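Residues per chain, in single letters:
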Amino acid sequence: MKESIRKISTDAIHGGSNRDQYGSLITPIYNTSTYIFDSTAQGAARFALEEPGYIYPRIGSPTCNDLEDILARLEGGEAGLVTATGMGAITATIWTMINGGEEIIADKTLYGCTFEFFRHHLSRFGVTVHFIEMSDENELRAALNEKTKIVYLETPANPNLKIIDIEKTAKIAHEFNPEIRVIADNTFASPALQRPLELGCDIVLHSCTKYINGHGDVLAGAVISDQETINNIRLVGIKDMTGAVLAPNEAFLVARGLKTLEIRMQRHCESAMKVAEYLKSNEKVEKVFYPGLEHHEGHDIAAKQMCGFGGVVSFVVKGGREKAAIVTDNVKVASLAVSLGAAETLIEHPASMTHSPLSDKELIAADIQPGLIRLSVGLENVEDIVDDLKQAFEKI
Ligand code: LCS
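This one's a predicted model, so the numbers in the text were calculated from it and none came from an experiment.

Student: Tell me what's going on with the site of the ligand, and back it up with residues and numbers.
Tutor: In the vicinity of the ligand there are 19 residues, among which D185, S207, T209, S339 and R374 approach most closely. T209 is positioned with one of its side-chain polar atoms (N or O) 2.6 Å from an oxygen atom of the ligand. Within the contact set of the ligand, a nitrogen atom lies 2.8 Å away from a backbone nitrogen or oxygen of S339. Within the complex, 93% of the 480 Å² of free accessible area of the ligand lies under protein. Of all the elements, helix 4 (residues 86-97) adds the most residues to the shell around the ligand, at three residues. Grouping the amino acids of the shell around the ligand by side-chain chemistry returns seven nonpolar, eight polar and four charged. A domain split of the shell around the ligand shows at least three residues from each of domain 1 (8-258) and domain 2 (261-393).

Encoded structure:
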């Protein structure tokens, strides 16, 4: 497996660049709805982006900018932008880059709302999205054409942990046309386990609601890329098109949660591996999806591009949807809830919850079987998590 990413915990703790006039150790919450200019000329200069400084919090604020600096550093990007939600990051990015008549190539396994945005909503504006099997380079080469603007992927993907070779995908797309923007949703890995920009991607997206914050108490998102791209997304996708701005209170909580990212991810990975091994030995389980297991289709690629296999384990219960529901209805330590990446173990049924927007055919195409359960392994004692699953399986 890839060696641990250097200095991640130091950057997560010290990576911000804002120091207030009082020398506060922690960047405070700057709650203000506007910023005062010294003169009309100064206001004009700030609006013209000729003078640095704050204008209005929809364009930037100190608490958010501090978090943006940390995230940019963790992902190895020039600049970052935080947003109200992960969907805010995705939509603000796509709206900034795409025009009617242009095309996106996306993997067919995506978070349900991303899939829905691509499949139903962008098409209303003349944007075509081709859903392909991104891990098949022939399908990718066949889909690329002169209208392709964006290649979009998640790895590990939600909900079945499918792995895509980031370096290879970015190389193929950029060889075809260097202008194509390759976008990776890095929510499931976090920069503690994987850095897509270093593997050739142009833009990294996050739902910070998940591991980045890690405490299940905030909705937030982020985009990391080069400075020019981030400026464009901030001034078009956020300022004018979505308004999906993160509030300073939320940015404060995310920055606080981020300080323990590395140790949390280590524990999530260790526990998820133990849970995956238990599930593999369970005869009521048809298949386990976890990139850390050698039989997982993407294991070798995950080992090459990640330095840990993540905290989510998915599995198919023999007997389909009905039997799966017996497990999800009987857990006691785990909570039956969507979302992931919290300290609490969360369990859900993708076909009827996170991925319910997909038709039966689309679910099959994305390899989301009716009996699939997704488990976000939390930070509780791992024996308690395994014992909880054992007692729930006994009810079948
Ligand atoms: N990207 C991925 C990979 C996600 O899993 C999610 C949310 C988003 C983006 C959107 O982020 P949000 O707007 O919610 O911050 N995934 C969820 C899930 O699997 N269950 O509930 C939400």
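Student: Before we move on, can you summarise the sheet that holds strand 3 (residues 128-132) with the specific residues and values?
Tutor: Strand order in the open sheet formed by seven strands is 1-7-6-5-4-2-3, with mixed pairing between adjacent strands. Sheet topology places strand 1 (79-83) and strand 3 at the edges, where each strand pairs with a single neighbour. Across the sheet, the axes of successive neighbouring strands diverge by a mean angle of 20°, strand direction being ignored. Note that strand 5 (residues 181-185) and strand 6 (residues 203-207) share three bridges and pair parallel.

Student: Summarise the pattern of salt bridges; cite the residues concerned and give the values.
Tutor: In the structure shown here, the tally under the stated rule is 16 salt bridges. Among the salt bridges present, the one from K162 reaches D107, with a minimum N-O distance of 2.9 Å. A residue pair is termed long-range when its members are at least 10 positions apart, and K162 in the loop between strand 4 (148-154) and helix 7 (166-176) and D107 in strand 2 (residues 103-107) qualify at 55 residues. Residue K162 shares its accessibility class with D107, and that shared class is buried. Among the ionic pairs, R195 bridges to E198, the shortest N-O distance being 2.9 Å. Given a relative accessible area of 8%, R195 falls into the buried group. Looking at E198, the relative accessible area reads 44%, which means it is partly exposed. Connected via shared salt-bridge partners are D107, E133 and K162.

Student: Give a detailed account of the domain arrangement of the protein chain, specifying residues and quantitative values.
Tutor: Parsing the protein chain into structural domains produces domain 1 (8-258) and domain 2 (261-393). With centres defined by C-alpha atoms, the gap from domain 1 to domain 2 works out at 26 Å. Between domain 1 and domain 2, the residue contacts involve 39 residues of the former and 42 residues of the latter. Linking domain 1 with domain 2 are two salt bridges. Close ionic contact of D165 with K304 constitutes a salt bridge, the shortest N to O distance being 2.9 Å. At the surface where domain 1 touches domain 2, the tally comes to 21 residue pairs in polar contact (both at pLDDT 80 or more). Looking at the side of domain 1 that touches domain 2, the elements with two or more residues in it are helix 1 (8-14), helix 5 (112-121), helix 7 and helix 9 (248-258). Tallying contributions element by element places helix 5 first for the side of domain 1 that touches domain 2, with four residues. Here the side of domain 1 that touches domain 2 is built from residues that sort into 19 nonpolar, 14 polar and six charged.

Student: For the sheet that holds strand 8 (residues 285-289), give the residues involved together with the corresponding values.
Tutor: Strand order in this open sheet of five strands is 8-9-12-11-10, and the pairing throughout is mixed. Looking at which strands have only one partner, the edges of the open sheet turn out to be strand 8 and strand 10 (335-336). By the bridge criterion, four bridges tie strand 8 to strand 9 (residues 312-317) in an arrangement that is antiparallel. Bridging across to strand 9, V285 finds its partner in V317. Packed onto the sheet, helix 12 (residues 320-330) meets strand 9, strand 10, strand 11 (346-348) and strand 12 (372-376) and runs at close to 130° relative to strand 9.

Student: Can you explain the packing of helix 4 against helix 8 (residues 227-242)? Please cite residues and give values.
Tutor: Running from N to C, helix 4 and helix 8 point in directions that differ by 105°, and their axes come no closer than 8 Å. Considering the angle they form, helix 4 stands roughly perpendicular to helix 8. Between helix 4, through T91, A92, T93, W95, T96 and M97, and helix 8, the contact on the second element is made entirely by T229, N232, I233, V236, G237, I238, M241 and T242.

Student: Quick rundown of helix 10 (residues 261-280)? Include the residues and the values.
Tutor: Compared with an ideal rise of 1.5 Å per residue, which puts 20 residues at 28 Å, helix 10 spans 28 Å between its outermost C-alpha atoms and is within 8% of the ideal. On the buried face of helix 10, the contacting elements are helix 1, helix 9, strand 8, strand 9, strand 12 and helix 14 (382-394).

Student: Got a sec to walk through the environment of K395? Specific residues and values, please.
Tutor: Position of K395 relative to the elements: it lies in the segment after helix 14. When its relative accessible area of 44% is taken as the criterion, K395 is described as partly exposed. On a C-alpha basis, the gap between K395 and G77 in space is 49 Å, while along the polypeptide they are 318 residues apart. If near-sequence neighbours (up to four positions away) are discounted, K395 is found in contact with I326, N330 and K332.

Student: Mind laying out the packing of helix 3 (residues 62-75) against helix 9, listing which residues take part and the relevant values?
Tutor: To characterise two packed helices, one gives the angle between the axes of the helices and the distance between these axes. Relative orientation of the contacting elements helix 3 and helix 9 amounts to 35°, with a least axis distance of 8 Å. Relative to helix 9, helix 3 is oriented so that their crossing is left-handed. Taken together, the residues of helix 9 that come into contact with helix 3 (itself represented by T63, C64, L67, I70, L71 and L74) are P248, A251, F252, V254, A255 and L258. The residue makeup of the contact of helix 3 with helix 9, split by class, is eleven nonpolar, one polar and no charged.

Parameters and conventions
- Residues numbered from 1 in each chain as written.
- Predicted model: local features only at pLDDT ≥ 70, side-chain atom pairs only at ≥ 80, totals over all residues.
- Heavy atoms only, no water.
- Near = heavy atom within 4 Å.
- Polar contact = N/O pair within 3.5 Å; in protein donor to acceptor, adjacent residues only side chain to side chain.
- Areas by Shrake-Rupley, 256 points an atom, 1.4 Å probe, with all protein chains shown as cover.
- Helix = DSSP H or I, 4+ residues; strand = E, 2+ residues; numbered from the N terminus.
- Nonpolar A, V, L, I, M, F, W, Y, C, P; charged D, E, K, R; others polar.
- Domains from an automatic or database assignment.
- Pairing = 2+ DSSP bridges.
- Axes fitted to C-alpha atoms, helices over the stretch in contact; angles between N-to-C directions.
- Salt bridge = Lys/Arg side-chain N within 4 Å of Asp/Glu carboxyl O.
- Buried < 20%, exposed > 50% of the residue type's maximum accessible area, 1.4 Å probe, protein only.
- Contact = heavy atoms within 4.5 Å.
- Parallel < 35°, antiparallel > 145°, perpendicular 65-115°, else oblique.
- Expected span 1.5 Å × (residues − 1).
- Left-handed = near helix turned anticlockwise from the far one by under 90°.

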